[in-house]
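This is what each chain is made of:
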Amino acid sequence: MSPDPLAGRRVLVGISGSIAAVKLPLLVSALVQRGASVRCVLTASAARLVSAEALACLSRQPCHLDADQWSPQAARPLHVELAEWAELVLLAPLSATSLGRWVHGLGDTLLASTLLACEAPMLAAAAMNTAMWSSPGVRANWQSLQGWQRVLPIGPSQGLLACDRLGDGRMAEPELLLLALESLALWGWRRDWQGLNLVVSAGPTREALDPARCLTNPSSGRMGVLLAQAARLRGARVELVHGPLQVPAAWLDGLICRAVTTAAELEQALVEAQPRADAIAMAAAVADHRRARPLQQKLSKQELAQELGRGWEPVPDILKGLVDRRPPDQVILGFAAHSGDVLTQALAKWGRKGCDLLFANPIDEPGAGFAAASNRGWLLGPSPGERHELESQSKLALAHRLLSALRQRIRPPADAPPCPPAPAPAPAAADP
Ligand code: CTP
């Protein structure tokens, strides 16, 4: 298993004055537990909302305030030192004022001047009152940030705000910010899927045995959801059709979600979504059989034993149907989970299914397959016999690899921004 992409990375956390700042101490703690080296900078408003002492304890490093910026003891200005130290920057929450300072090139606080001096990739998570968020000045500032190199902006979500308003303005949940930061460490800020539509299926389907029991499988939906979220962070419009998931709800942020239960519902949702898709990733683990006629009454234990062997029909092959109906230029990625000789079975399955690419992974070894945090396997296609072994890595890293393989097969969108090279990870350096 490869190391956590955040382990050993130097992460600068910039916290500005929005009540969402109270969520940051636990986020900082989670980063430290994942092996990141974390330093925090608080604006004056943030320091009224969250304790610098708590952040210093949790990050195991001094927490920096405006008053620390200039000191006769410091050989280098603190904002320059912090800016050069950071490999990744997390701006959370990013308030209207800090956003405005940054976009307009003002450096009148420690955080503002650090941002101007910093060349590391940055994740910016805005949070503020709904009316502030929709005010013309903030809209314009946020809009200009969208085109900036090195910046991955994550807009606020809807919810109940501390001002008792219901609307846009809630900072993206910490679980999503950790995922987005991991994505920034792995892939950077490039939006090579901008202007493209991806449809992803994820999770298990469930077929009723009777009104009280079902046939399903252990899929958590993790691989498909990570693929969807990674594509969203790379700029795609993503529709996710999913069975019952076992992933943090925050990972669904920014995706157009449609929840289904049975294979028939999954098939219907995918057939509806297919015409909009530039690419489809079929990561759902479809239950293979269903009852030909649903039972209305619950079976007793004895009746169940008798019924199990009869009255079942195979579920149609949804992936094969999507392949048969696809419009020109649509690219389709299938998945295959196998025990035993994965490669031989997967090569035969790639031929049967007819999809462009097929990712096959083992389900009978630790650290791969259902619900694991990591995975390994083979990517087959697009030409017959073509295969690439993908070594064990986090499912998010794997999601980025699969997205890059898919992206290569899609025509370039007419208005695609030029795709700059990936940022090279900075060599690890000792903390001061
Ligand atoms: N799949 C599908 N419809 C089905 C079964 C599977 O669309 N009824 C898709 C899965 O989403 C996956 C690929 O086909 O992308 C392979 O799924 P898998 O379960 O490995 O293969 P099966 O076709 O079910 O064949 P078997 O279980 O016999 O290996």
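Residues numbered from 1 in each chain as written. Predicted model: local features only at pLDDT ≥ 70, side-chain atom pairs only at ≥ 80, totals over all residues. Heavy atoms only, no water.

Novice: Before we move on, could you go through the side chain of lysine 395 and cite the residues and values that matter?
Specialist: By the element assignment, lysine 395 lies in helix 15 (residues 395-409). Filtering out sequence-adjacent residues up to four positions away, lysine 395 remains in contact with Arg222, Met223, Leu226, Gly369, Phe370, Ala371, Ala372, Ala373, Ser374 and Asn375. (Helix = DSSP H or I, 4+ residues; strand = E, 2+ residues; numbered from the N terminus. Contact = heavy atoms within 4.5 Å.)

Novice: Describe the domain arrangement of the protein, naming the residues involved and giving the relevant values.
Specialist: Interface size is commonly expressed as the accessible area that is lost once the parts come together. Splitting the protein by domain gives domain 1 (10-187) and domain 2 (197-407). Domain 1 and domain 2 are separated by 36 Å when their C-alpha centres are compared. Between domain 1 and domain 2, the residue contacts involve 12 residues of the former and 14 residues of the latter. Taken as a group, Leu176, Leu179 and Trp187 account for 46% of the area that domain 1 buries against domain 2, more than any other trio of residues on that side. Inspection of the domain 1/domain 2 interface yields 0 salt bridges. Of all elements in the fold, only strand 6 (151-154) and helix 9 (174-187) reach the threshold of two or more residues within the side of domain 1 that touches domain 2. (Domains from an automatic or database assignment. Buried area = accessible area lost by both parts, 1.4 Å probe. Salt bridge = Lys/Arg side-chain N within 4 Å of Asp/Glu carboxyl O.)

Novice: Can you break down the packing of aromatic side chains residue by residue, with the values?
Specialist: Counting across every chain of the model gives 3 aromatic pairs. Ring geometry for tryptophan 102 against tryptophan 148: centres 5.4 Å apart, planes inclined by 80°, an arrangement best described as edge-to-face. Taken together, the residues tryptophan 102 in helix 5 (residues 96-103) and tryptophan 148 in the loop between helix 8 (136-146) and strand 6 connect sequence positions 46 residues apart. Its relative accessible area of 4% is what places tryptophan 102 among the buried residues. Look at phenylalanine 335 and phenylalanine 359: their rings are 6.1 Å apart centre to centre, the planes differ by 75°, and that puts the pair in the edge-to-face class. In this pair, phenylalanine 335 sits in strand 17 (residues 331-338) while phenylalanine 359 sits in strand 18 (residues 357-362), placing the two residues 24 residues apart along the sequence. Considered together, phenylalanine 335 and phenylalanine 359 belong to a single accessibility category, that of buried residues. We note arginine 39 situated over the ring of tryptophan 85; from NZ or CZ to the ring centre the distance is 5.1 Å. (Phe/Tyr/Trp six-rings, centres within 6.5 Å; stacked < 30°, edge-to-face > 60°. Buried < 20%, exposed > 50% of the residue type's maximum accessible area, 1.4 Å probe, protein only. Lys NZ or Arg CZ within 6 Å of the ring centre and 35° of its normal.)

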